[in-house]
Structure formats: structure tokens, C-alpha cells
Amino acid sequence: SVFLSVELDRETFSCPICLDLLKDPVAIPCGHSYCKNCIKNHWDTEDEKRIYSCPQCRKSFIPRPELLKNTMLAALVEELKKTGLQAAPADLCYAGPEDVACDVCTERKLRAVKSCLFCLISYCEKHLQPHFDVAQFKKHKLVEPSEKLQENICSRHDEVMKMFCRTDQQCICILCSMDEHKGHDTVSAAAERTERQRELEGSRHNIQQRIQDREEDVKLLQQEVEAINGSADKAVEHSEKIFTQLIRLMEERRSDVKQQVRSQQETEVSRVKELQEKLEQEITELKRKDAELKKLSHTEDHNQFLHNYPSLSALSESTHSSSIKIRPQKYFEDVTAAVSELRDKLQDVLREKQTNVSLTETEVDVLLSQPEPKTRGDFLRYSCQITLDPNTANTWLLLSEGNRKATNMNQPQSYSSHPDRFTYWVQVMSRKSLTGRCYWEVKRTGREVSVAVTYKNIIRAGKKDECLFGFNDKSWRLDCSTNCYNFYYNKVKTPVSGPRSSRVGVYLDHSAGILSFYSVTGTMTLLHRVQTTFTQPLYAGLYVDDGASAKFCRLR
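By the naming in an unreviewed UniProt entry, the protein chain is Tripartite motif-containing protein 16-like, taken from Sparus aurata.

In C-alpha cells form, the structure reads like this:
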């Protein structure tokens, strides 16, 4: 046979995984060969990673290669078996690229099964046997195979480092303890290990306890998520039903109003047309009578005239003008006004309910809340455009620039009377409420301007403190004058220090109860911060002194 003339090593035809002769040999794309079942089982363990590698060269393949039988190699292995080449003994496990090799083996090195910390050598099973048979070796410390045994040798004295210097926190040999570490706090490495092991166990216990606590927190948050989702689903389902009912009622009401208007229209038009026809008949009769009288007036025969006059002069009863009731041209405008009033009331109700929905919060809002902004760029992410409500403006304030600017004119403006208007204090409120996270900036000119936030139910009429921003429990106010800042809440004055600036930034996190005022120059400087609980939607407010003005800036 051709195979008999070639000297072959049985390991050449052994599977690198099972170390036995190849069974059903297959070659993978990198060129290495394995038993079909061995490489299949190896790749089965890598299924989760979806990356399949060669155990020898570690080359990776995506996707998983198809395993095809290497017929030439299979035939060669079968021929070798016939020539007496047998499988490698089970105990001859040779070291692979990732294994620790036996330091004693002189030819092809076997895989080490233990490393000796005293000898600083790694042994295969065969060369390790003296450590079990020889009494002197039995005292040696055997550990799992390690490639880092030389790290236990002192580079200065070439001795095993069995000591630990607590002063310098490093492993040393016995000679080091008598030399440069003389007088230091030294113990045996074993003793230090025992103490550190005890600390390690304590740390592990703490870590495991924290893991358990965090897992419980995760479970609670998951329950919270499920509760939120369930509640939201129910709310959406119920609100959909309610809004559907509301829409149906509105459709029915719209149909009723339309039908009533059309019915009334038909009745009124019929009445007017009936009267119109009656008048037209009377006009025709009167024209005929007028023609007869005209003819009679031209009769020359006196006797004939006197004979016919009594019968022609009598007039039929005329339609009295009082029966003609002329309706005003705006006959149906009361219907339009009623429907408009219904719309306004419904919008107010919906806005109020929407605000209540936005105020709903749960503990998870606090647990998962985002950090407070730091830079102006962070704040601008929450910027909102604010316009002022003319119905709230004191009569001395002139609103301009799309109701974003308020100026104290030192004389009354032509505002109509309104229950929302501040009658004494020169104040004005925003048109829309502020919830969630909001940021805005106010640019001021003049002697004194106050930037405020307030609940809607602040009292407007009169000059008592309960109407002035910052002098009640319904509003918060920062006074910005030429020389200083002062913060007011519920009549309590708090002096505030910070750089003077014509621009003040206000940051509101309604659900977190945070209200912050900033001096905006080249940087953001915190002037005053409030941490409280807001129970209602807030509105932006301005107090503008004589000759001063304040404007809500357009932010990008």
C-alpha cells in the first residue's frame, strides 16, 4: 500500500477536540479538520452568539458553515486503521494554543493538570505523580494550571514571594522582608489571603444583597409598568367610549338644532307669504276700485253719478298694519349665539380636564425622572412660547409685539371691563397654563420688573396683598431691579445675589415641583431655586413698574 511507504504520526490524523482518530472527518473553511460530531457539538454551544469559530486558529465564520464529509481524508484514516495505526491513548492529552503546557515534557508537551506554587512548574498528569508519591512533595501547594507562575518569583532575589508587606501593599520574598522592607508590617501571604478572603466574602455578601435589593426594585418597577399600561389601556378604552357617546350626543344635538331652525324657518316663511298674498289681493282690489272711481269721476250725467256713487264708494275692510309683524333681520342669530356659547363652555371644560390629565403623576415619574438641565442648550430643549392674556392686563399696561411685551404707560389704556383683569396692581398673566417641563426668558428694561408664576385662582380685584404676586400662597415672584434681586413667596422676602442681567431665565418642572430663576449672560447663573409641590397648573406673570417694560423672548 502507498500508505505503508510513508512514516506518519497518528496525531496528524487525530481530531483536535476529542484527540482520537477522526470519525466522519469534515474540513471547515479555514482548512482544519474535525470529527463531524465534535465540531457540530462545539458550534451548538456558540449558537447564542451567532458567530462560529475554529477551535484551533479561532477564525470566525458567519453564517454557520455547512459540514461536508472529506471523503479523501476519510479514506486515508480507514486505510491507516488497517495498517495498525491506533487511536491516541486517552491519557495523552496534548496542550493546545489555549492550554497550559507541562514544563517537564521534552517532546510534544502534554496539557498540564496542576501547577505547583513551591516548584513554580506546571505538570501533566504523568509528571505530577511524584507530588503524590514523595513525602517531601506532598507539602507543596498545587493549584489549577497557570501561566503566571513566574510572577511569584521576586525579580530582585529570585526567591518565591511568600510574604506580603502591608505597609507597601505588595507581595515580597523572605529576603525583601530583611532588606528594603525591614521594619514594615509584614505577614505571610497565606495570612493576608485569609484576611482578604474574609473581606471578599463580606463584599460578596453586600453585593449579593444589593443585587437582591435591585432585583426587587426591578420587579416593583415592572409591576409599576404593568399597572401604568393597564391603567392607560383602561383609560383609553373608557375615554374612547365616552367621547364616542359625546360625539353621538353632539351629532344628535346638531341634528335637532338644524331641524328646529328649518321647521321654524318654514313656519315663518309660510306666515309671511300668506300675509303677502293677502296684501297683494287687497292691492289688486284697490286698484280695480280706483279705476271704477276714476271712471265715475268723469261721468257728466249728474243723476248717473249720484246713482252709482254709493255702491262704488264703499271700501272693503283693509288689513290692519298691526297684523304685519316684521321680524328683525337677525332673527336666528340667537341660535348661533347659543351654539357658540355651548362651544365655548365645552372648550373650557375640555381644557380644564386636559390640564387635570397632564397633572396625573405616579411614583415612577420620580424614579425615572431625567436630570435637571445644566447648560443653556439643555434648557432650550424645554423652551416654550408665551403670550400674555389681554383680559388679565392692568389698564396701565400696554401689550404689544403679539402680546409678548408689556409696557407701563403711566396712564390708563382703553380696555373693556373683564372679571380676570388686575384692577390695582400693574400685573398681567399668560394666556395658557404651564405644565410638565418649561423654560422661558424675559428681557426687561426700566427700573423694576418682576418675573412670576401663579395659580389661575389668584384674586384680581383690589389692592390687597392677596392680589399681588409673591404676597400670597398662590404665586412666586422674583423682583429684578437696577441694584438687586429679591424673591417673594407668601409675603416672605428672600434677598438673592447674582450677576445683574437684563435677561432672566425661568425653568419649571411642574411634576417635580421645581421652579428656578437664572441670570442669563454669557452663562447661566442660578439666582434662586424653589422645591415644593404644585397643586394646580401655573401661569407666567409679569409685574411692570412705572416706565418699565418686559418681553417674553423668542427662543430657538
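The discussion continues.
*Asks:* What is the right way to look at the sheet that holds strand S22 (residues 538–544) in this model?
*Replies:* The strands that make up a sheet pair up through hydrogen bonds in the backbone, lying either parallel or antiparallel. As summarised here, the arrangement of the six strands in space is S13-S22-S15-S16-S17-S18, forming an open sheet in which the pairing is antiparallel. Each end of this open sheet is capped by a strand with a single partner; those strands are strand S13 (427–429) and strand S18 (492–496). Taken over all neighbouring pairs, the strand axes of this sheet differ in orientation by 20° on average, direction set aside. As defined by bridge partners, strand S15 (residues 448–455) adjoins strand S16 (residues 475–481) across seven bridges and the pair is classed as antiparallel. Each residue of the ladder has a partner; that of Val453, found in S16, is Trp476.

*Asks:* Help me understand helix H1 (residues 36–44) in this model?
*Replies:* For H1, the full list of buried residues reads Cys38, Ile39 and Trp43. The buried residues of H1 all sit within an arc of 125° when viewed along its axis, so they share a single face. Contacts from the buried residues of H1 go to strand S1 (25–27), strand S2 (33–35), strand S3 (52–53) and strand S4 (60–61).

*Asks:* In this structure, what is going on with the environment of Lys114? I would like to understand it.
*Replies:* Note that Lys114 resides in strand S5 (residues 114–116). Put simply, Lys114 and Val100 are 14 residues apart on the chain and 9.2 Å apart in space, counted from C-alpha to C-alpha. Excluding residues that lie within four positions of it along the chain, Lys114 makes contacts with Ile121, Ser122, Tyr123, Leu128, Leu142, Val143, Glu144 and Pro145. Within the structure, Lys114 has its side chain in polar contact with the side chain of Glu144 (distance 3.1 Å).

*Asks:* How should the confidence of the model for the protein chain be read in this particular structure?
*Replies:* Should pLDDT be low for a region, the predicted coordinates there are not to be read in detail. Across the protein chain, the average pLDDT comes to 86, with 90% of residues at or above 70. Considering only residues more than four positions removed or in separate chains, one finds that residues 1–7, a stretch of pLDDT under 50, has four contacts. Predicted confidence for residues 359–369 stays below pLDDT 50, and this span has 13 contacts to residues more than four positions away or in other chains.

*Asks:* Can you walk me through the sheet that holds strand S19 (residues 503–509) in this structure?
*Replies:* The seven strands lie next to each other as S11-S12-S23-S14-S19-S20-S21, forming an open sheet whose pairing is antiparallel. Edge positions in the sheet fall to strand S11 (397–400) and strand S21 (524–531), since each has one partner strand and no second. Strand-to-strand twist across the sheet, computed as the mean angle between neighbouring axes with direction ignored, equals 20°. Bridge count for S19 against strand S20 (residues 514–520) is six bridges, and the pairing is antiparallel.

*Asks:* How should a nonpolar patch on the surface be read in this particular structure?
*Replies:* Together, Ile174, Leu175 and Met178 make up a nonpolar patch on the protein surface, roughly 280 Å² of accessible area in all. Assignment of secondary structure puts Leu175 in helix H5 (residues 174–178). What makes Leu175 partly exposed here is its relative accessible area of 34%.

Calculation notes
- Residues numbered from 1 in each chain as written.
- Predicted model: local features only at pLDDT ≥ 70, side-chain atom pairs only at ≥ 80, totals over all residues.
- Heavy atoms only, no water.
- Pairing = 2+ DSSP bridges.
- Helix = DSSP H or I, 4+ residues; strand = E, 2+ residues; numbered from the N terminus.
- Axes fitted to C-alpha atoms, helices over the stretch in contact; angles between N-to-C directions.
- Buried < 20%, exposed > 50% of the residue type's maximum accessible area, 1.4 Å probe, protein only.
- Arc of directions from axis to C-beta.
- Contact = heavy atoms within 4.5 Å.
- Polar contact = N/O pair within 3.5 Å; in protein donor to acceptor, adjacent residues only side chain to side chain.
- pLDDT = per-residue confidence, 0-100.
- Patch = residues over 30% accessible without salt bridge, like charges linked within 9 Å, V, L, I, M, F, W, Y side chains within 5 Å.
- Areas by Shrake-Rupley, 256 points an atom, 1.4 Å probe, with all protein chains shown as cover.
- Salt bridge = Lys/Arg side-chain N within 4 Å of Asp/Glu carboxyl O.

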